[in-house]
Amino acid sequence: QVQLVESGGGLVQAGGSLRLSCAASGRTFSDYAMGWFRQGPEKEREFVSAISWNGVNKQYSDSVQGRFTISRDNAKNTVYLQMNSLKPDDTAVYYCAASSVSFAFLRRRTNYPYWGQGTQVTVSS
């Protein structure tokens with residue numbers, strides 16, 4: 001089992017920045033690729049970003065490419081999501097998740113067996 005706890009959400013004005021963190025415990029953190037997903041009001045949970053187990057490979061959704069940066073620190077068992085130039089459309093609950101599948105399949109949320117409880121991000125206009 002892997003336990004995940006997100007933090008860093010909050011209320012920010014459009015154009016502002018936030019940094020989300022996700023702390024992992026349980027099994028060996030570096031055994032897993034990590035992903036960030038989000039779920040806005042009355043929307044399905046959608047892929048945001050993912051990072052390989054060693055932090056070398058990263059991928060982003062088109063909607064956040066160039067604004068968000070994913071990173072991880074395996075020594076601290078933590079994955080981060082730096083969010084810049086935030087827009088009201090970024091308002092959502094953000095979830096981190098852990099997966100053992102190949103990097104090519106990390107956009108699919110059904111490939112993640114472990115999830116955090118989520119952290120709310122609200123961007124005001």
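The preceding data block contains the structure.
## Focus on the overall build of the protein chain
Here is step 1 of the chain: When helices and strands are tallied, the protein chain shows 0 helices and 11 strands.
Here is step 2 of the chain: By the compact-globule yardstick of 14 Å for 125 residues, the protein chain fits well, its C-alpha radius of gyration being 13 Å.
Here is step 3 of the chain: Seen through its C-alpha atoms, the protein chain measures out along the principal axes to roughly 40 × 25 × 25 Å.
Here is step 4 of the chain: Relative to its 125 residues, the protein chain shows a buried fraction of 44%.
Here is step 5 of the chain: Within the protein chain, contacts between residues at least 6 apart in sequence are counted, and of these 59% link residues at least 24 apart.
Here is step 6 of the chain: Surface summary for the protein chain: the accessible area is close to 6400 Å², and the carbon and sulfur share equals 45%.

## Let's talk about the pattern of salt bridges
Here is step 1 of the chain: For the coordinates displayed, the defined rule picks out 3 salt bridges.
Here is step 2 of the chain: A salt bridge links E46 to R38; its shortest N-O distance comes to 2.6 Å.
Here is step 3 of the chain: With a relative accessible area of 5%, R38 lands in the buried category.
Here is step 4 of the chain: Ionic pairing is found between D90 and R38, a salt bridge with its closest N-O pair at 2.9 Å. You can see D90 sitting in the loop between strand 8 (78-83) and strand 9 (92-99) and its partner R38 sitting in strand 4 (residues 33-39), a full 52 residues away along the chain.
Here is step 5 of the chain: Beyond isolated ion pairs, a larger network of salt bridges with shared partners links R38, E46, R67 and D90.

## Thoughts on the sheet that holds strand 8
Here is step 1 of the chain: The 4 strands are arranged 1-3-8-7 in an open sheet whose pairing can be described as antiparallel. Looking at strand neighbours, the two that pair on one side only are strand 1 (2-7) and strand 7 (68-73), the edges of this open sheet. Strand-to-strand twist in this sheet, taken as the mean axis angle between neighbours without regard to direction, amounts to 15 degrees.
Here is step 2 of the chain: Strand direction decides the pairing type here: strand 3 (residues 18-26) and strand 8, joined by 6 bridges, are antiparallel. Each residue of the ladder has a partner; that of L20, found in strand 8, is L81.

## Digging into the packing of aromatic side chains
Here is step 1 of the chain: Taken as a whole and assessed by the stated rule, the structure comprises 6 aromatic pairs.
Here is step 2 of the chain: With centroids separated by 5.7 Å and ring planes inclined at 80 degrees, the aromatic side chains of F37 and F47 adopt a geometry described as edge-to-face. Residue F37 is found in strand 4, and its partner F47 is found in strand 5 (residues 46-51); the two are separated by 10 residues along the sequence. We note that F37, like F47, is buried.
Here is step 3 of the chain: Measuring from ring centre to ring centre gives 5.9 Å for Y112 and W115, while their planes differ by 55 degrees; the resulting arrangement is tilted.
Here is step 4 of the chain: The structure contains a cluster of three or more aromatic residues connected by ring pairs, namely F37, F47, Y95, Y112 and W115.

The rules we used
Residues numbered from 1 in each chain as written. Predicted model: local features only at pLDDT ≥ 70, side-chain atom pairs only at ≥ 80, totals over all residues. Heavy atoms only, no water. Helix = DSSP H or I, 4+ residues; strand = E, 2+ residues; numbered from the N terminus. Rg over C-alpha atoms; globule rule 2.2 N^0.38 Å. Buried < 20%, exposed > 50% of the residue type's maximum accessible area, 1.4 Å probe, protein only. Contact = heavy atoms within 4.5 Å. Areas by Shrake-Rupley, 256 points an atom, 1.4 Å probe, with all protein chains shown as cover. Salt bridge = Lys/Arg side-chain N within 4 Å of Asp/Glu carboxyl O. Pairing = 2+ DSSP bridges. Axes fitted to C-alpha atoms, helices over the stretch in contact; angles between N-to-C directions. Phe/Tyr/Trp six-rings, centres within 6.5 Å; stacked < 30°, edge-to-face > 60°.

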